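# Remarks on the overall topology
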Amino acid sequence: MTELIARGLKSDRFSPTFMPTAEWMVDEVKKVYPDAEVEVMDTTGTGDHWFVKVVDSSFEGMRLIQRQKPIISHFKPHIATNYVHALDLKCWTPEQAKEKEGDTPFSPHEARRSGFVGLQVKRENKEE
Amino acid sequence: MTEFNWTAAELQKIVDENRLVLFMKGTPEQPQCGFSSRAAMVFQQLEQPFVSVNILSDPRAIPSVCEWSDWPTMPQCFVDGELIGGSDIALDMYESGELQQMIDEKPQEG
């Protein structure tokens, strides 16, 4: 573990050649939950901070950490090498996803720059 | 001050003795990562004091904590000795009211 982290720190994580793509991220999540609806977003534009939304009806009745665990385990080797640096992972049932519709994905770096340290905000509803 | 060596027993003791524990990069006042900041923000909304552990304070911290908790990312949020997840889960559980409910349901003894 220590060795893997040390190696990860040495890797050039800002080089685009070594960054995961959105397609790759979706494919990897689908290996874990093949029937899920998966949406990913590169929140910093650097390919290493990913907002990942996974919607699956099989999540019903499962605790949030149980839903995440198989995905986190699958990504563990990539997290260890820092190929994937940060995951903002939302595992929702279709019902929950509907409730959260319109939420702005959290951008950790933007939050630091702006001093906004907190909670996701609802986008204003467009006037109809 | 006694030395802290990030052993499983020492880490377990922290989460056993404190209802809310946050392992984070930096401190709630000076977080060093957006996700840690978000987790601290969530904990600050709760009507329960919490303990935060700065895992950047010692190079042994991240590998030790991650191995002990079997979770590879930071921050890590613990409630009543149990890992509930990172800042994404903490926020969801705060928004749904589940987090406050967990705290209300099991009042501190003694």
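Look up: the structure comes first, before these words.
Structural notes, computed from the coordinates.

Parameters at a glance
Residues numbered from 1 in each chain as written. Chains lettered and ligands numbered in written order. Predicted model: local features only at pLDDT ≥ 70, side-chain atom pairs only at ≥ 80, totals over all residues. Helix = DSSP H or I, 4+ residues; strand = E, 2+ residues; numbered from the N terminus. Buried ≥ 20, exposed ≤ 12 C-beta atoms within 10 Å, placed from the backbone. Contact = placed C-beta atoms within 7 Å. Pairing = 2+ DSSP bridges. Axes fitted to C-alpha atoms, helices over the stretch in contact; angles between N-to-C directions.

### Concerning the overall build of chain A
- When its secondary structure is counted, chain A shows five helices and three strands.
- For chain A, the N- to C-terminal ordering of α and β elements is α-α-β-β-α-β-α-α.
- By the burial criterion, 26% of the 128 residues in chain A qualify as buried.
- When contacts within chain A are restricted to residue pairs at least 6 apart in sequence, long-range pairs at least 24 apart make up 57% of them.

### Re unusual backbone geometry
- A cis amide bond links methionine 74 of chain B with the next residue in sequence, proline 75 of chain B, at an omega value of 0°.
- Among the secondary structure elements, proline 75 of chain B is positioned in the loop between helix H3 (61-69) and strand E3 (76-79).
- In this model, asparagine 82 of chain A sits at a positive phi of 70°, which is unusual for a non-glycine residue.
- Relative to the elements of secondary structure, asparagine 82 of chain A occurs in the loop between helix H3 (64-80) and strand E3 (86-92).
- Residue classification places asparagine 82 of chain A among the partly exposed positions, given that 19 C-beta atoms sit within 10 Å.

### Considering the sheet that holds strand E1 (residues 20-24) of chain B
All names here are of chain B.
- Pairing in this open sheet of four strands is mixed, and the strands run E2-E1-E3-E4 from one edge to the other. The sheet is open, and its two edges are formed by strand E2 (51-54) and strand E4 (82-85), each paired on a single side. Neighbouring strand axes in the sheet, compared pairwise and without regard to direction, differ in orientation by 25° on average.
- Taken together, the four bridges between E1 and E3 define a ladder with antiparallel strand orientation. Each bridged residue has a counterpart across the sheet, and for phenylalanine 23 the counterpart in E3 is glutamine 76.

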